[in-house]
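Chain by chain, the residues run as shown.
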Amino acid sequence: MKKLVIMFLAVVMVVSIAGCTKKTNADDKIIIWTQASPDHPEGRMFADRVDAYNAAHPDKRQVEIQNFTRAGAGSGYIDKLNAAITSNEVPDIFTLDGPDVASYADSGVIGTLDGIIDSNFVNGFTDAMIEQGTVDGKLYALGYQDSGVAIMYNEDVIQELPQEVKLLIPSMDEDWTWEDFYKVTEAIQQLRTNPETKDKASIKNLELIVDFLTSDIPKGAYEIAMYYLTPLFWSNGGQVVADDGLTLDEVLNSPQNIEALVQFGKFFANDYAQAIEPEKAFHTGKAAMAVAGFWYISDLEKNYPSLKFRTVRYPKMDASYTGNFTPSGSWAFVRSNRLAMDNPKTKEVVDVMEWMTNDEASAEYYHANGAIPGRKQSISVIDTNTDNDYHNEAWSVLKYQVENTNKARPVSVGYPYLSETFARDIILKIAQNKVEDEETIKQYVKDTIDKLNLEFKKYKK
Amino acid sequence: MNTKLKRLLFYLLITLLSLLFILPLCWMILSSFKIDETIYKDLGTVYAFIPRFKDLTIRSYQELLNLYHIFKNMFNSLIYASITVVIGLIINSLAGYALAKFKFPFKNLILIFIIALMIVPIEATILPLYLVVNQLKLINTIYGLLLPFLTNVMNIFLFRQYFLAFPNELAEAAKIDGLGHFGLFFKIVFPVSRPIYVTIGIITFLASWNDFLWPVMALSNSDLMPIQVALNAIFSDRYNIFTSHIMAALTLVTIPIIIIYILFQKHIIEGAARSGIK
């Protein structure tokens, strides 16, 4: 028996020693980490792109990519990244979600690209992509894709509306307002009680009028609130947080924002929207309209072929507003600050970042994973001349928004907490409590500001 | 109330309770054989749980298996879980036996430490663990993945509780017959303690099978990825993966767990009752 134990311990020791491997983060290579799983189409497209770089540049440092899986908003991958930061083993290039760039820049983990990157190359990105990667006037991140949100409606339901209401719905190349959007939902609600329409299949099936995906918030997907709804503030001349990323007083509670939140609350107060919606409410005809992310399109096309979905632009709060405001943003490549600016490897690292995000890459990513290009020249790869009119319309709207009106989410070192608190303490409360009165909404916003100010104290220098 | 009526009510209650747990499983399996549109159309109706054969299809399985190597990931998980169970049972039971039956200095202090460690969640220790494994140059190796979880304070404590009830007289008799400590443990204690081994073995297997965070931290080689990491990759694929694919993936991943429960259910109940897990 003693022999058996000694043998077992010997095996464990040998196995442990054999497990030792060479350090991978060597200076003769450029290491990239991404949040896309190796088996995921996104992970495969990055790996293919790296292979193409290595083949095209045999005389330069070779690039090694390691793709990790993220869960939800990024846990798993972000834990791994933070562990690497603690152990001073940050990869040369890695990916971050757009809104998180500011906090990593503030802590000195990532380095600026200014002074290294070609300005003509930077100008090839859409405004939203540059805005997303810029902190305190310095560029840190290059987005490899953008995203978008539009308004979708069920054509079968809309056909039942009176002509004067139908006229409120714009064509795919016209702007419209939240007020008009609200009037349409109000008219759809009336169809549900109108004896002439209430028994028609498309109306009878309705459980709510508009789907805001607010039920994602209690599930922990807090970011949906900031992503979907800050355009209400922007298009009314408001902001979530001041340009310093930390000041909230007289910004988050500005009259423009309160007005926008009252408009949002009206949908819930009148039961046109629900805090907890049925799953896939719009897809299954249970909701007549939806504030719909770009991912709706492939789902609707592949799985709900009988649904006649039409798409119009994201509405403005103030019809006269001319700035950018539509939802945008996604993950982006950044470089580690470990390498000094004058280190020759730094230039090569930035060259690799350009390779991973250039026009050719953007087009490849669109074909591989349906990623919306974040570069002006590549947006045209989105095919809007297919034999599916619903597809063409949806992508035409999103193409327009990406090129012309997309705006990056707020830049703040305290963004994760800001986003979560905004979602839970303002948006979810308004939706769950069906609030539309100004005073209550003001109180929610005030409480939120107090809470955020306590947290933001630590960032104020 | 007569006995028959009592029994009827009892069976009615446990049938309802069983349905509460079984119906979601039925929904998941049935949904994996439907297209997305049908899944949501049937939601809230009896057809969410009862199959209509004309609606059933294996399309989601075909598409899922074309896109992801889910069986490879399941095989990896099976290997990792099996190694963790076998080596973990040996190490933890020996430690538990020592704490239950041996006299040595600071025994109670060690026991207090073990109990104290039970309340520390894995999330709190994951970063130091990564730093240690990284220092040992074991990141991206199977050893780095498995070694930290071979010992488990909870399992040591459960073994100790179980072995406390082992009769000292039996141990004395075995010693008189010439058995040493290891001989006594493996020839006498181990064979009569099967229920606790099965129970802890299953708990360990499930923990290893369901682990996501540590494999993501410890591995970057896609060929070595376990099933939970693959599942998260599948869930995040909004371009190709929809509800029916998710249900198909979950069904495949749940099958081994269900088989293990069915095979060992008698031992699980016995072990749980005798070690104080319940």
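Residues numbered from 1 in each chain as written. Chains lettered and ligands numbered in written order. Predicted model: local features only at pLDDT ≥ 70, side-chain atom pairs only at ≥ 80, totals over all residues. Heavy atoms only, no water.

**With respect to the overall build of chain A**
- The secondary structure content of chain A amounts to 18 helices and 12 strands.
- Radius of gyration (C-alpha) of chain A: 25 Å, near the 23 Å computed for a compact globule of 461 residues.
- Counting only C-alpha atoms and orienting by the principal axes, one finds that chain A spans roughly 85 × 65 × 55 Å.
- The buried share of chain A, reckoned over its 461 residues, is 58%.
- Of the contacts made within chain A by residues no fewer than 6 positions apart, 76% connect residues no fewer than 24 positions apart.
- In the form shown here, chain A has an accessible surface area of approximately 18,400 Å², with 50% of it arising from carbon and sulfur atoms.
- Across chain A, 46 positive and 68 negative side-chain charges occur, with their mean positions spaced 6 Å apart. (Helix = DSSP H or I, 4+ residues; strand = E, 2+ residues; numbered from the N terminus. Rg over C-alpha atoms; globule rule 2.2 N^0.38 Å. Buried < 20%, exposed > 50% of the residue type's maximum accessible area, 1.4 Å probe, protein only. Contact = heavy atoms within 4.5 Å. Areas by Shrake-Rupley, 256 points an atom, 1.4 Å probe, with all protein chains shown as cover. Lys, Arg positive; Asp, Glu negative; His and termini not counted. Charge placed at Lys NZ, Arg CZ, Asp CG, Glu CD.)

**Section: unusual backbone geometry**
Residue and element names in this part refer to chain A.
- One non-glycine residue, Asp136, adopts positive backbone phi at about 50°.
- Among the structural elements, Asp136 can be located in the loop between strand E5 (134–135) and strand E6 (138–139).
- Classification of Asp136 by relative accessible area gives exposed; the value is 74%.

**Section: the domain arrangement of chain A**
All names here are of chain A.
- Looking at the assigned domains, one finds that chain A contains domain 1 (29–144 + 331–370) and domain 2 (149–327 + 408–459).
- Taking only C-alpha atoms into account, the centre of domain 1 sits 32 Å from that of domain 2.
- Buried area between domain 1 and domain 2, both sides added, is near 840 Å², and the carbon and sulfur share of it is 60%.
- Of all residues in domain 1, Pro99, Ala102 and Glu131 give up the largest surface area on contact with domain 2, accounting jointly for 45% of the area buried on that side.
- Inspection of the region where domain 1 meets domain 2 yields zero salt bridges.
- Connecting domain 1 to domain 2 are one residue pair in polar contact (both at pLDDT 80 or more).
- Put simply, the parts of the chain that give the side of domain 1 that touches domain 2 at least two residues each are helix H4 (101–106), helix H6 (127–133) and E5.
- No other element matches the four residues that H6 contributes to the side of domain 1 that touches domain 2.
- Classifying every residue of the side of domain 1 that touches domain 2 gives four nonpolar, four polar and four charged. (Domains from an automatic or database assignment. Buried area = accessible area lost by both parts, 1.4 Å probe. Salt bridge = Lys/Arg side-chain N within 4 Å of Asp/Glu carboxyl O. Polar contact = N/O pair within 3.5 Å; in protein donor to acceptor, adjacent residues only side chain to side chain. Nonpolar A, V, L, I, M, F, W, Y, C, P; charged D, E, K, R; others polar.)

**A short note on the pairing of strand E2 (residues 62–67) of chain A**
Residue and element names in this part refer to chain A.
- The pairing of strand E1 (residues 29–34) with E2 spans six bridges and is classified as parallel. What sits directly across from Ile30, in E2, is Val63.
- After leaving E1, the chain enters helix H2 (residues 41–56) and then returns to the sheet as E2, a path that is right-handed. (Pairing = 2+ DSSP bridges. Right-handed = clockwise from strand over helix to strand, strands pointing away.)

**A short note on the interface of chain B and chain A**
- If you look at the interface, chain B gives 41 residues, while chain A gives 48 residues.
- When chain B packs against chain A, the two sides together hide about 3,800 Å² of surface, and 63% of this comes from carbon and sulfur.
- Counting every contact that joins chain B to chain A gives zero salt bridges.
- Linking chain B with chain A are two residue pairs in polar contact (both at pLDDT 80 or more).
- Elements that contribute at least two residues to the side of chain B that touches chain A include exactly helix H2 (36–42), helix H3 (59–67), helix H4 (70–101), helix H6 (122–135), helix H10 (181–192), helix H12 (213–218) and helix H13 (227–235) of chain B.
- Among the elements that make up the side of chain B that touches chain A, the one with the highest residue count is H6 of chain B (four residues).
- Partitioning the side of chain B that touches chain A into residue classes produces 23 nonpolar, 12 polar and six charged.

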